[in-house]
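Residues per chain, in single letters:
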Amino acid sequence: MQRITSFFRFCRGRAKLKRRAAAMGFMNHHHQTAISSGQEGIKTVGVDNHNLCDFSSNSDLCICIVTWNMNGKVSYEDLAELVGSSRKFDLLVVGLQEVPRDNILRLLQAALEETHIVLGKAIMQSLQLYVFGPKNSDLLVKELQVDKHSVGGFGGLIRRKKGAVAIRINYKGFRMVFITCHLSAHASKVEERNCQCKHISHSLFSKNWNPYAKPAHITVWLGDLNYRIQGIDTHPARNLIQKDLHGTLTSNDQLLQEAERGHIFNGYCEGTLTFKPTYKYNVGSSKYDTSYKVRVPAWTDRILFKIEDAKKINATLRFYESMDDIYSSDHKPVKAHLCLKLNKLLSA
């Protein structure tokens, strides 16, 4: 308890200080130093959907990435919809928040039993991360590590654990780190979320850090980052969404704003936010929150990735969308397809 209290005092203290001019890079200790002299923010990349992941010569590895805040509820049908039936990808990475007490892995394995097996899992109560690969692909895994880091207080008691879990894996020669997180809620907690992101980034895999280990080719963050839309009231925001003008709200997105200021996710990439904000919906519908709070809709659920060296790895985003046909949560899942090609001459 004392450690948690000290951490949040540290976060509040930083909120009162001016930001350093230098940007903070989001690389773990085993990647490189976290201090960066440049400031890149989050780079918005377009989706190249002309060639969906098809194991073609254009890609060495295709990854399907899904994040979903389950709101403590589950149905097998929703999980089957989540993983899909057309699985033209190598790896499936599933990050879940507010997971109910049901055996989610068993349900996911049942939905994937014809094509994929679980290669790795990282679980911290209601915060869970799974990596699946094709049958017999466990022979292609050369390294697998998991870690977790809590930043919350008592959220785990109500299945709303805050923090992050991570999997580091070497698969088919690709060194990858996947991190799923659930950060503090509420629009006013921007500084707290920033601080949590940095603390998670510096802490994961730090206990057994090997300074001679090769850095990951790619790092992927997925989860309920809980950054909100600010500077606009809920009804004007909803009017823009109803008119399919929600793209104009990206300038009000806290995550992009904080990254542009150099506070978080320096040098990461994200697909264009063409889909509608994923939170908060009335459970069982596609209508935004009609409770007395009438929350401003927000893109709380995101997938970000960073390439360690663009000369060694070519990454193409083939898909980045929300899954609006899943209704059991107040969040909509978000799915991405990322295809990687390794420059074998430079990757050693």
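Throughout what follows, the structure given in this document is the object of discussion. Because the structure is predicted, anything quoted here is derived from the model rather than measured.

1. Considerations on the sheet that holds strand β7 (residues 127-134)
What the six strands build is an open sheet, ordered β6-β7-β5-β4-β15-β14; its pairing is mixed. Two strands bound the open sheet, and with one partner strand each, they are β6 (116-124) and β14 (313-322). Direction aside, the axes of adjacent strands within the sheet are offset by 15° on average. Of the pairings in the sheet, the one linking strand β4 (residues 61-69) to strand β15 (residues 334-342) comprises seven bridges and is antiparallel in character. The partner of Cys62 across the bridge, within β15, is Cys339. Where helix α2 (residues 76-83) meets the sheet, it contacts β4, β5 (91-97) and β15, and its direction lies at approximately 145° from that of β4. Most of the contacts of helix α3 (residues 104-112) go to β7, to which it runs at about 25°, and overall it touches β5, β6 and β7.

2. Comments concerning the environment of Val118
With respect to the element layout, Val118 can be found in strand β6. Between the alpha carbons of Val118 and Asp138 there is a distance of 8.5 Å; along the sequence they are 20 residues apart. Not counting chain neighbours up to four residues away, the residues in contact with Val118 comprise Leu105, Gln109, Val131 and Phe132.

3. What about the packing of aromatic side chains?
Under the criterion given, the structure shown has five aromatic pairs. With 6.2 Å between their ring centres and 35° between their planes, Tyr130 and Phe132 make a pair best called tilted. Taking relative accessible area as the criterion, Phe132 reaches 1% and is therefore assigned buried. Seen in terms of ring centroids, Tyr281 and Tyr288 are 4.5 Å apart; in terms of plane orientation they differ by 25°. Their pairing is stacked. The two residues Tyr281 and Tyr288 agree in class, both being buried. Over the face of the ring belonging to Tyr227 we find Arg193, whose NZ or CZ atom lies 5.0 Å from the ring centre. Seen from the ring of Tyr281, Lys332 lies directly overhead, with NZ or CZ sitting 4.9 Å from the centre.

The rules behind the values
For every chain, the first residue of the written sequence is number 1, and numbering continues from 1 onward in sequence order. Under the rules for a predicted model, residues below a pLDDT of 70 receive no local features and side-chain atom pairs below 80 are neither given nor counted, while totals for whole chains, interfaces and linings still include all residues. With hydrogens and water stripped out, all remaining heavy atoms of the structure feed into the side-chain values. Pairing between strands is defined by DSSP: at least two bridges between the two strands are required. Only runs of H or I of at least four residues qualify as helices and only runs of E of at least two qualify as strands under DSSP, and these elements are numbered from the N terminus. Orientation is described by lines fitted to C-alpha atoms, with helices fitted over the stretch in contact, and by angles between N-to-C directions that extend from 0 to 180 degrees. It only takes one pair of heavy atoms within 4.5 Å for two residues to be counted as in contact. Each Phe, Tyr or Trp ring (for Trp, its six-membered ring) is paired with any other whose centre lies within 6.5 Å, and the angle between the two planes then decides the class: stacked below 30 degrees, edge-to-face above 60, tilted in between. Residue exposure (1.4 Å probe, protein chains only): buried if accessible area is under 20% of the type maximum, exposed if over 50%, otherwise partly exposed. In this analysis the charged atom, NZ for Lys or CZ for Arg, is taken to sit over a ring once it is within 6 Å of the ring centre and within 35 degrees of the ring normal.

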